[in-house]
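Residue-level listing of the chains:
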There are 2 protein chains.
Amino acid sequence: MSAAERFIHEALEVIIDEAVKKATDVQEKVCDWQSPEKLRELLDLELKDGGESDSKILQHCKNAIRYSVKTSHPRFFNQLFAGLEPYSMVASFITEAVKTSLYTYEVAPVFTLMEDAVLKKMMELIGWDEGGDGIFNPGGSMSNMYAVNLARYRFCPDIKEVGLYNAPRLVMFTSQEVSGHYSISKAAALLGLGTKNVYAVPSDDRGKMIPSALEEKIELARSEGAVPFFVNATAGTTVFGAFDPVDEIADICERHSLWLHVDVSSFTHSLFILRLNVLRHTVFFQSLLQRCHSAKASYLFQQDKFYDVSYDTGDKSVQCSRKPDAFKFWLMWKALGSSELERRVDRALAMARYLAQTVKKREGFHLLMKPEYANVCFWYVPPALRGLPDGPELWRKLHTVAPVIKERMMKTGSMMIGYQTHGDKPNFFRMVVINPQVSKQDLDFVLDEIHSLGKDLR
Amino acid sequence: MSAAERFIHEALEVIIDEAVKKATDVQEKVCDWQSPEKLRELLDLELKDGGESDSKILQHCKNAIRYSVKTSHPRFFNQLFAGLEPYSMVASFITEAVKTSLYTYEVAPVFTLMEDAVLKKMMELIGWDEGGDGIFNPGGSMSNMYAVNLARYRFCPDIKEVGLYNAPRLVMFTSQEVSGHYSISKAAALLGLGTKNVYAVPSDDRGKMIPSALEEKIELARSEGAVPFFVNATAGTTVFGAFDPVDEIADICERHSLWLHVDVSSFTHSLFILRLNVLRHTVFFQSLLQRCHSAKASYLFQQDKFYDVSYDTGDKSVQCSRKPDAFKFWLMWKALGSSELERRVDRALAMARYLAQTVKKREGFHLLMKPEYANVCFWYVPPALRGLPDGPELWRKLHTVAPVIKERMMKTGSMMIGYQTHGDKPNFFRMVVINPQVSKQDLDFVLDEIHSLGKDLR
């Protein structure tokens, strides 16, 4: 066995022991918190002229895992990791070992076809059997950016060549829930459209866009001489997990000839598990991704190749070469089947409902609203504050509770959950229960632990 | 041992045997070519309601590896993979198993500090000890897009909010070598600047930008009433591996107050091994990444956290959460040290020179030019064409030679190299020799094999 092979074997054992077994063991810590200053010392970060021995490198691997947050731990709820999935983990090891990128069929034949198979299956499930197209991107922000760019290209293909200089002021709409702090605004900034041209549409008290308010904003933009072109509806908002009323919004978009993009949360019922940009079902859009993003690199996309070059997908993307992420999804889907995927989603949503019911019953805990989805938002009121009347003083004090509990849970390493404000509401906890490995006991533990960490606060 | 654990163990054995050992074994094929239609059948792609057994899933893993191109094989030269690196492979397995994203320190403390350490070391090496900033992106196209966006933000920060509508026509410059088909144009399209506003600067016969021609193009843009703001210089062009004369270009940029971006090829001497967007050294730019890209998501970037939130890097990026790719580089660097990295680069460049010398000596092979870098471009002229006079007929025939040889090498699986045209030049082979594991024998083999596969062509 070569030295390299021996190192790989030893490292794999470390990975299985530390990053798989211990990282998912409820008896272990979720995190081993260190301040940046302390962690810098512990990790021995300096890069030098000389190299280090394999045994030292193995120690660095152990440290990297040890001080990393265990996002697969059953008591990790900070955001949007859903437990350890052995099939997708193995698939990701394969794509890293095989080390290829998606851009031409000749370089990534297997993963090109697998991405195609996953996309086709997803389009079939939502009823777009023909004429759809899609692409896996590095994350939801990028996917939303693609959507805006495609909508703009459809609205006026010339912008690709001549820029926005002679274009009218283009206006986009999204609910106020996601307008201020989110990827639609990032896309508007990057694409030269301007964040001020993202019009925030009022939402109701559950966080859903109000269709009549959308129509008013469209009229407003028109009256200002601007040109509406894009509406973002969200299926599963970040904070409350709200679903915008897509049917009504679609009718408005049709009436006003606007592109409707539905931003599907990264964990949505059934098979929308990965964020994906699936385009509207018309023949017109079949080649839109390609036409919108192509730059025809001569060293990659030769037209005199000996195979069907429509399998070369690199020109559909902004990046050109992409990681073959779809393989992770494909292998997991193949191993579990659609039914088991659905069962897992159902189970996680049932756990979210259980958490909400339990919060409702417990003294000192207050739900912000009944969840319609995986997001459960609530306040914890320490005993000393429970007698205070509802009002500014209580809110001001309550606002400081979650950050302190968060600090304490990180420092004990017992669990991780997120907190935030919303509008004028003081800091509250926000748990997104999407890990199918989570049990009722884990959720009970979370509430017990919040009380135990925060009961002295005043 | 649980079933999941057993599956992981078995899969890891498959990965080591098939994707590590066989994939780098010179006795094995570089690729097992199948047409898309045939490969579809072989892979059994369909996703069903029911799941499949672990033994079937292992077979899918084997097939995925078997039919994937072996980019780490010593006879793979198609483009831009540089052999198997055990340390970076192990690091990538760790980031996949630990499953985290870079956006806040609390979720990715280790990888946040490691990215910071790698960036600081790289800036130190190029002499920017203070005030620089940087970020690892998913690829060079994205990095160039960031550069254009930052330059635009510096030129006029208001564009982020109000868009390009009242802005003057902004013009970018890059050499004709990379203007037509490349990421700068993709960025211009995406950012709403327009591909026509990328002015192609003539290059010399070695593919280097001509500084006086840049100055002329800047004057031209000004005379049209447009506003130059960005110059892209390339260190290692795609086709010829040419280095634009950065010093002279920098003087011009300074004189005209233009942002100079140097697009460093993904494999450049010494430590520029990853594409990286390192900003100019002034205090002004310290927070530019953040100001340009921030959207201040309330659920991630709370300002009342208990640690120094300048470690939360998510708002520096367009994507928000990113894969912790820097760890791969950090672990490899730690294991090998700067000296060994340099030696490997030197070795690869020496091999590129060897290839060029050998091409020059062999009958029927013609170098396009002496390489200054890792790119070696040459024609192979089959015996039947060797008597033809230089002229359109020879060129027309020569143009068809490389595609046929490429098809044959893919179908035998003996090696993979790329071909392309350039300007009015007929198809030629382009090899980028960046794999330090490649030997002289491998390079001799490539030339022998080209002759053997193409000697009957006429």
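If you check an unreviewed UniProt entry, chain A appears there as Glutamate decarboxylase like 1 from Oryzias sinensis. Turning to chain A, the UniProt record has this under Subunit (unreviewed entry): "Homodimer."

Novice: Help me understand the sheet that holds strand S5 (residues 259–264) of chain A in this model?
Specialist: Note: strands within a sheet are paired through backbone hydrogen bonds, in either parallel or antiparallel orientation. Residues and elements named next belong to chain A. Pairing is parallel across the open sheet formed by four strands, whose spatial order is S3-S2-S4-S5. At either margin of the open sheet sits one strand with a lone partner, and together these are strand S3 (198–201) and S5. On average, each strand axis in the sheet is inclined to that of its neighbour by 25 degrees, with strand direction left out of account. With four bridges joining them, strand S2 (residues 170–175) and S3 adopt parallel strand pairing. Bridge assignment links Thr174 to a residue of S3, and that residue is Ala200. Sheet contacts for helix H6 (residues 140–155): S2, strand S4 (227–235) and S5; angle to S4, the most-contacted strand, approximately 150 degrees.

Novice: Whenever I open this one, the packing of aromatic side chains confuses me. Can you help?
Specialist: Pairs of aromatic rings are described using the distance from one ring centre to the other and the angle between the two planes. Applying the stated criterion across every chain yields a total of 40 aromatic pairs over all chains. Residues Phe93 of chain A and Phe93 of chain B carry aromatic rings whose centres are separated by 4.3 Å and whose planes lie at 10 degrees to one another, so their mutual orientation is stacked. Highlighted residues: Phe93 of chain A in helix H4 (residues 86–98) and Phe93 of chain B in helix H4 (residues 86–98), drawn from two different chains. Judged by relative accessible area, Phe93 of chain B falls into the buried class, the value being 1%. Taken together, the ring pairs connect Trp33 of chain A together with Tyr105, Phe306, Tyr307 and Tyr311 of chain B into an aromatic cluster. The ring of Phe445 of chain A has Arg75 of chain A sitting right over it, with the charged end atom 3.8 Å from the ring centre.

Novice: It is not clear to me how the relation of the copies chain B and chain A should be interpreted in this structure. Could you clarify?
Specialist: Each of the two chain copies goes to the other by way of a rotation about an axis and a shift along it. Superposing chain B onto chain A requires a rotation of 180 degrees together with a translation of 0.0 Å along the rotation axis, leaving an RMSD of 0.0 Å. Within this description, the copies of the chain are treated as partners about a two-fold rotation axis. Taking C-alpha positions as the reference, the residue of chain B nearest the rotation axis is Leu191 of chain B, at 2.0 Å.

Novice: I keep staring at the interface of chain B and chain A and nothing clicks. Help me out?
Specialist: One frequently used descriptor of interface size is the decrease in accessible area upon assembly of the parts. Taken together, the 148 residues of chain B in the interface contact 148 residues of chain A. Counting each side, the surface lost to burial between chain B and chain A is near 12600 Å², with a carbon and sulfur contribution of 63%. One can count 16 salt bridges joining chain B with chain A. The dominant element in the side of chain B that touches chain A, judged by the number of residues it contributes, is helix H1 (residues 3–21) of chain B, at twelve residues. Each residue belonging to the side of chain B that touches chain A can be placed in one class, and the counts come to 76 nonpolar, 39 polar and 33 charged.

Novice: What should I look at first to understand the pairing of strand S7 (residues 375–380) of chain B in this one?
Specialist: Regular strands have side chains that alternate between both faces of the sheet. Residues and elements named next belong to chain B. The buried fraction of S7 is high, at six of six residues. Side chains of S7 alternate between two faces, with Asn375, Cys377 and Trp379 and Val376, Phe378 and Tyr380 buried alike. Pairing geometry for strand S6 (residues 365–367) and S7, over three bridges, is antiparallel. Paired with Phe365 across the bridge in S7 is Tyr380.

Novice: Please clarify how the side chain of Ser294 of chain A should be interpreted in this entry.
Specialist: Residue and element names in this part refer to chain A. Note that Ser294 resides in the loop between helix H12 (288–293) and helix H13 (326–361). The exposure class of Ser294 is buried, given its relative accessible area of 14%. Excluding its chain neighbours within four sequence positions, the residues that come into contact with Ser294 are Lys160 and Asp315.

Novice: For this particular structure, what's the right way to read helix H15 (residues 440–454) of chain B?
Specialist: Residues and elements named next belong to chain B. Its 15 residues place the ends of H15 21 Å apart at the C-alpha level, agreeing with the 21 Å of an ideal helix rising 1.5 Å per residue. Among all positions in H15, only Asp442, Leu443, Val446, Leu447, Glu449, Ile450, Leu453 and Gly454 are buried. Take H15 and look down its axis: the buried residues cluster within an arc of 160 degrees, on one side only.

Novice: Teacher, can you tell me more about the packing of helix H3 (residues 54–66) of chain A against helix H13 (residues 326–361) of chain B here?
Specialist: A pair of packed helices is captured by two measures, namely the crossing angle of their axes and the spacing between those axes. At a minimum axis separation of 10 Å, H3 of chain A and H13 of chain B run at an interaxial angle of 155 degrees. With respect to each other, H3 of chain A and H13 of chain B are oriented roughly antiparallel. Judged by the twist between their axes, the crossing of H3 of chain A over H13 of chain B is right-handed. Along the contact surface, H3 of chain A presents Ile57, His60, Cys61 and Ala64 of chain A, while H13 of chain B presents Phe327, Trp330, Leu331, Lys334 and Ala335 of chain B. Among the residues making up the contact of H3 of chain A with H13 of chain B, the classes are represented as seven nonpolar, one polar and one charged.

Novice: What exactly am I supposed to notice about the pairing of strand S9 (residues 425–432) of chain B here?
Specialist: All names here are of chain B. With respect to burial, S9 is a largely interior element, seven of its eight residues being buried. In this structure, S7 lies alongside S9, joined through four bridges in antiparallel fashion. When the sheet's bridge partners are listed, Cys377 is paired in S9 with Arg430. Sheet topology note: the strand S8 (residues 416–422)/S9 ladder contains four bridges and is antiparallel. Note on S9: the bridge partner recorded for Tyr419 is Phe429. In textbook terms, the turn of a hairpin is the stretch between consecutive antiparallel strands, and for S8 and S9 this stretch comprises two residues, one of which, Gly423, has a positive phi near 55 degrees.

Novice: Just checking my understanding: could you explain the sheet that holds strand S9 (residues 425–432) of chain A for this structure?
Specialist: Residue and element names in this part refer to chain A. Pairing is mixed in the open sheet, where five strands are placed in the order S1-S8-S9-S7-S6. Both outer strands of the open sheet, strand S1 (76–77) and strand S6 (365–367), are each paired with one neighbouring strand and no more. Running over the sheet, H13 touches S6, strand S7 (375–380) and S9 and is turned about 125 degrees from S6. Where helix H15 (residues 401–412) meets the sheet, its contacts fall on S7, strand S8 (416–422) and S9, and the angle it forms with S8 comes to roughly 165 degrees.

Novice: What am I meant to see in a negative patch on the surface here?
Specialist: All names here are of chain A. A cluster of acidic side chains, namely Asp247, Glu248, Asp251 and Glu254, defines a negative patch on the protein surface. Mapped onto the elements of the fold, Asp251 is located in helix H11 (residues 246–256). Accessibility expressed as a relative area gives 44% for Asp251, which makes it partly exposed.

Novice: What is the right way to read the environment of Met410 of chain B from this model?
Specialist: For Met410 of chain B, the position within the fold is in helix H14 (residues 392–412). Owing to a relative accessible area of 1%, Met410 of chain B belongs among the buried residues under this scheme. Residues Met410 of chain B and Val69 of chain B, 341 residues apart in the sequence, show an inter-C-alpha distance of 9.8 Å. The residues contacting Met410 of chain B, other than those within four sequence positions of it, are Glu106 and Phe306 of chain A together with Cys31, Trp33 and Met416 of chain B.

Novice: Can you help me understand the nonpolar core in this one?
Specialist: Buried together is how nonpolar side chains tend to be arranged in soluble globular proteins. If you look at the biggest cluster of nonpolar residues, it comprises 140 residues, and the most contacted ones within it are Ile94, Phe327 and Trp330 of chain A together with Ile94, Phe327 and Trp330 of chain B. Apart from the residues lying within four places of it in its own chain, the contact partners of Phe327 of chain B are Ala64 of chain A together with Ala91, Ile94, Thr95, Phe111 and Met114 of chain B. Formed by 57 residues, the second largest nonpolar core is a distinct cluster that contains Ala151 and Leu288 of chain A together with Phe229 and Trp259 of chain B.

Novice: In this structure, what is going on with unusual backbone geometry? I would like to understand it.
Specialist: Backbone geometry follows two general trends: most residues other than glycine have a negative phi, and most peptide bonds adopt the trans configuration. At Ser257 of chain A, a position not held by glycine, the phi torsion is positive, near 55 degrees. When its relative accessible area of 59% is taken as the criterion, Ser257 of chain A is described as exposed. Positive phi outside glycine occurs at Asp44 of chain B, with the angle close to 50 degrees. Along the chain, Asp44 of chain B turns up in the loop between helix H2 (36–43) and helix H3 (54–66).

Novice: I keep staring at the side chain of Glu106 of chain B and nothing clicks. Help me out?
Specialist: Within the fold, Glu106 of chain B resides in the loop between H4 and helix H5 (109–125). Note on Glu106 of chain B: relative accessible area 7%, which makes it buried. Only 3.5 Å separates the side chain of Glu106 of chain B from the side chain of Asn78 of chain A, close enough to count as a polar contact.

Novice: Honestly, H5 of chain B in this entry has me stumped. Any pointers?
Specialist: Note on helix geometry: an α-helix contains 3.6 residues per turn, so any two residues three or four positions apart are oriented the same way. With 17 residues, H5 of chain B extends 25 Å from end C-alpha to end C-alpha; this agrees with the ideal 24 Å at 1.5 Å per step. At the C-terminal side of H5 of chain B, Gly127 of chain B shows a positive phi close to 90 degrees.

How each quantity is defined
Residues numbered from 1 in each chain as written. Chains lettered and ligands numbered in written order. Predicted model: local features only at pLDDT ≥ 70, side-chain atom pairs only at ≥ 80, totals over all residues. Heavy atoms only, no water. UniProt positions renumbered as here; feature names shortened; annotations may be inferred. Pairing = 2+ DSSP bridges. Helix = DSSP H or I, 4+ residues; strand = E, 2+ residues; numbered from the N terminus. Axes fitted to C-alpha atoms, helices over the stretch in contact; angles between N-to-C directions. Contact = heavy atoms within 4.5 Å. Phe/Tyr/Trp six-rings, centres within 6.5 Å; stacked < 30°, edge-to-face > 60°. Buried < 20%, exposed > 50% of the residue type's maximum accessible area, 1.4 Å probe, protein only. Lys NZ or Arg CZ within 6 Å of the ring centre and 35° of its normal. Least-squares fit on C-alpha atoms with pLDDT ≥ 70 in both. Buried area = accessible area lost by both parts, 1.4 Å probe. Salt bridge = Lys/Arg side-chain N within 4 Å of Asp/Glu carboxyl O. Nonpolar A, V, L, I, M, F, W, Y, C, P; charged D, E, K, R; others polar. Expected span 1.5 Å × (residues − 1). Arc of directions from axis to C-beta. Parallel < 35°, antiparallel > 145°, perpendicular 65-115°, else oblique. Left-handed = near helix turned anticlockwise from the far one by under 90°. Patch = residues over 30% accessible without salt bridge, like charges linked within 9 Å, V, L, I, M, F, W, Y side chains within 5 Å. Areas by Shrake-Rupley, 256 points an atom, 1.4 Å probe, with all protein chains shown as cover. Lys, Arg positive; Asp, Glu negative; His and termini not counted. Charge placed at Lys NZ, Arg CZ, Asp CG, Glu CD. Core = buried A, V, L, I, M, F, W, Y, C linked by side-chain atoms within 4.5 Å. Polar contact = N/O pair within 3.5 Å; in protein donor to acceptor, adjacent residues only side chain to side chain.

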